[in-house]
Amino acid sequence: MAAHRNKPRRERKRRRVTIGASPGLVVADPNAPKPVIHVIAYGPDTVHEQAVTRPEELRALRGKWPVLWVDVNGLGDAAVLEALGTLFGLHKLALEDVINVHQRPKLERYADHAFLVARMPDLRDGAFCTEQLSVFFGPDFVLSFQEREGDCFDPIRRRLHEGKGRIRGAGPDYLVYTLLDALVDAFYPVAESCSDRLDALEDEILQHSRPDTVTAIHTIRRDLLTVRRSLWPLREVVAALGRDTDTFVTAETRIYLRDCYDHVVELIDLVENYRDIGAGLMEVYLSVVSNRMNEIMKVLTIIATIFIPLTFISSIYGMNFDTHVSRWNMPELGWEYGYPAVMLVMLATAVALLLYFRRRGWLGREMLVPPPRPGTDREQA
């Protein structure tokens, strides 16, 4: 749970340029990883992959391949990013958005290229968070920026090397679609994990809830909110690409983008359902805790009620009036069977009260908690 509690502080951390600075100023975070550049250049018949240490090495590859995919992992060197921007003619405002990794998913169109931002799920630190993915694409290139190494694009790289599907015969727009499709698919395990955690929490609440149950519910709802913030604007990005006829997206790729749009909408529906279930679990938890507290208070009240008459009887016999002064001063004090008789009277009083409470239904009735019925909202989701 400690990792989950630390996560919001990391996500709320914002690094911005100085107030009043010139627009398009690229200021790298000194704590960010240094850029590592991987290049995959491919065409219908062949594919070439290499690591690049300096952006100038890309000049020899630019224009010689139908598609040039440059994947940059790490944003800790502003000079490298500016050199890439100069080489590919990227807009300075877009480069500023790349370096400031708090952007919401969006799509920007420029004269000779397009720029999109998406949020990619990240589970490498043991807690769920998102990482910014920035993608530029033009007639013959795709340039992607990630905060650090490690992503969900390994299946795409394998398809490029193996030549499976139509990816090597298509243009940069289809590569962008595959990146978005892989990113969207990476949210499905997150949604399934939240569903499993909600199932486990429901069983825990109905059987033996613990004080940290509220923390677990809040953590799941917070993760679902993070997913929602990533998917809602991404839906508009994918829809805009699917309708785009002015840039570099072909009619055939727009068909695939519509399928990706359906996946995003499906995920949003799942997330909304899980959020409602999480809110319902909080209400169930509070209701169960309240019912259990009522049961405890009922038992304590019954015990106190039983002892009230017993205390009354014992207090009377604790007054110790002298029987020699008056024959009315508690004659039982001098009776041979006075003590056993009083104890029997007290026992009979307690038993009579217990029988009365049971007859009225105040004692012996178990707390009624309805079990989850099949066909609930979670199973339908």
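See the structure above.
Residues numbered from 1 in each chain as written. Predicted model: local features only at pLDDT ≥ 70, side-chain atom pairs only at ≥ 80, totals over all residues. Heavy atoms only, no water.

Regarding the overall build of the protein
Alright, step 1. Counting its regular elements, the protein contains ten helices and seven strands.
Alright, step 2. Evaluated residue by residue, the protein yields a buried proportion of 42% over its 381 residues.
Alright, step 3. Sequence-distant contacts in the protein: of pairs separated by 6 or more residues, those separated by 24 or more amount to 68%.
Alright, step 4. Per element, the accessible surface of the protein, about 20,900 Å² overall, is 56% carbon and sulfur. (Helix = DSSP H or I, 4+ residues; strand = E, 2+ residues; numbered from the N terminus. Buried < 20%, exposed > 50% of the residue type's maximum accessible area, 1.4 Å probe, protein only. Contact = heavy atoms within 4.5 Å. Areas by Shrake-Rupley, 256 points an atom, 1.4 Å probe, with all protein chains shown as cover.)

Description of a nonpolar patch on the surface
Alright, step 1. Together, Met293, Ile296, Met297, Val299, Leu300, Ile303 and Phe307 make up a nonpolar patch on the protein surface, roughly 650 Å² of accessible area in all.
Alright, step 2. Considering the arrangement of structural elements, one finds Leu300 in helix α8 (residues 251–317).
Alright, step 3. Relative accessible area serves as the criterion here: at 48%, Leu300 is assigned to the partly exposed category. (Patch = residues over 30% accessible without salt bridge, like charges linked within 9 Å, V, L, I, M, F, W, Y side chains within 5 Å. Salt bridge = Lys/Arg side-chain N within 4 Å of Asp/Glu carboxyl O.)

Structural notes on helix α9 (residues 338–359)
Alright, step 1. Taking 1.5 Å per residue as the helical rise, α9 with its 22 residues ought to reach 32 Å, and the 31 Å between its terminal C-alpha atoms agrees with that figure.
Alright, step 2. Residues Gly338, Val342, Met346, Ala350 and Phe357 constitute the buried set of α9. In a view along the axis of α9, the buried residues occupy a sector of 115°, so they form one face of it. Across from the buried face of α9, at angles greater than 90 degrees, the exposed residues are Leu344, Leu347, Leu355, Arg358 and Arg359.
Alright, step 3. Along its buried surface, α9 packs onto α8.
Alright, step 4. In the segment just after α9, Gly361 is the residue with positive phi, at about 85°. (Expected span 1.5 Å × (residues − 1). Arc of directions from axis to C-beta.)

Section: the packing of aromatic side chains
Alright, step 1. Taken as a whole, this structure holds seven aromatic pairs when the rule is applied.
Alright, step 2. Geometrically, the ring pair formed by Tyr177 and Tyr256 is tilted, given 5.4 Å between the ring centres and 45° between the ring planes. Residue Tyr177 is located in helix α5 (residues 172–185), and its partner Tyr256 is located in helix α8; the two are separated by 79 residues in the primary sequence.
Alright, step 3. Arranged with centres 6.2 Å apart and planes meeting at 55°, the rings of Tyr356 and Phe357 form a pair that is tilted.
Alright, step 4. The structure contains a cluster of three or more aromatic residues connected by ring pairs, namely Phe115, Phe136 and Phe145.
Alright, step 5. Note that Arg166 overlies the ring of Tyr174, its terminal NZ or CZ placed 4.5 Å from the centroid. (Phe/Tyr/Trp six-rings, centres within 6.5 Å; stacked < 30°, edge-to-face > 60°. Lys NZ or Arg CZ within 6 Å of the ring centre and 35° of its normal.)

Here we look at the sheet that holds strand β1 (residues 36–42)
Alright, step 1. Across the sheet, which stays open at both edges, the seven strands sit in the order β2-β1-β3-β7-β6-β5-β4 with mixed pairing between neighbours. The open sheet is flanked by β2 (47–52) and β4 (106–109), the only strands paired with a single partner. Mean inter-strand twist for the sheet, computed between neighbouring axes without regard to direction, equals 20°.
Alright, step 2. The sheet contact formed by strand β6 (residues 129–137) and strand β7 (residues 141–146) spans five bridges and is antiparallel. Along β7, the bridge assignment pairs Ser134 with Phe145.
Alright, step 3. Of the strands in this sheet, β1, β3 (67–73) and β7 touch helix α2 (residues 78–88), which is tilted by about 165° from β7. (Pairing = 2+ DSSP bridges. Axes fitted to C-alpha atoms, helices over the stretch in contact; angles between N-to-C directions.)

Structural notes on the nonpolar core
Alright, step 1. By size, the foremost hydrophobic cluster in this structure holds 61 residues, and its most contacted members are Trp69, Leu116, Leu180 and Leu234.
Alright, step 2. With 13 residues, the single largest contributor to this core is α8.
Alright, step 3. Apart from the residues lying within four places of it in its own chain, the contact partners of Leu234 are Pro105, Ala118, Leu180, Leu183 and Val184.
Alright, step 4. Of all hydrophobic cores here, the second largest spans 29 residues; its members include Leu61, Ala94, Ile99 and Phe136. (Core = buried A, V, L, I, M, F, W, Y, C linked by side-chain atoms within 4.5 Å.)

Concerning the pairing of β3
Alright, step 1. Judged by how many residues are buried, β3 sits mostly within the fold: seven of seven residues are covered.
Alright, step 2. Covered by surrounding structure in β3 are Val67, Trp69, Asp71 and Asn73 together with Leu68, Val70 and Val72, the residues of both alternating faces.
Alright, step 3. As judged from the seven bridges shared by β1 and β3, these two strands associate in the antiparallel manner. What sits directly across from Tyr42, in β3, is Val67.
Alright, step 4. Alignment of β3 against β7, held across six bridges, turns out to be parallel. Looking at β7, one finds that Val72 is bridged to Phe145.

Regarding the side chain of Asp173
Alright, step 1. Tracing the backbone through its elements, the reader meets Asp173 in helix α5.
Alright, step 2. It is Arg166 that comes nearest to the buried, bridge-free Asp173 among opposite-charge side chains, at 6.9 Å.
Alright, step 3. Those residues in contact with Asp173 that sit more than four places away from it in its chain are Phe248, Val249, Thr250 and Thr253. (Lys, Arg positive; Asp, Glu negative; His and termini not counted.)

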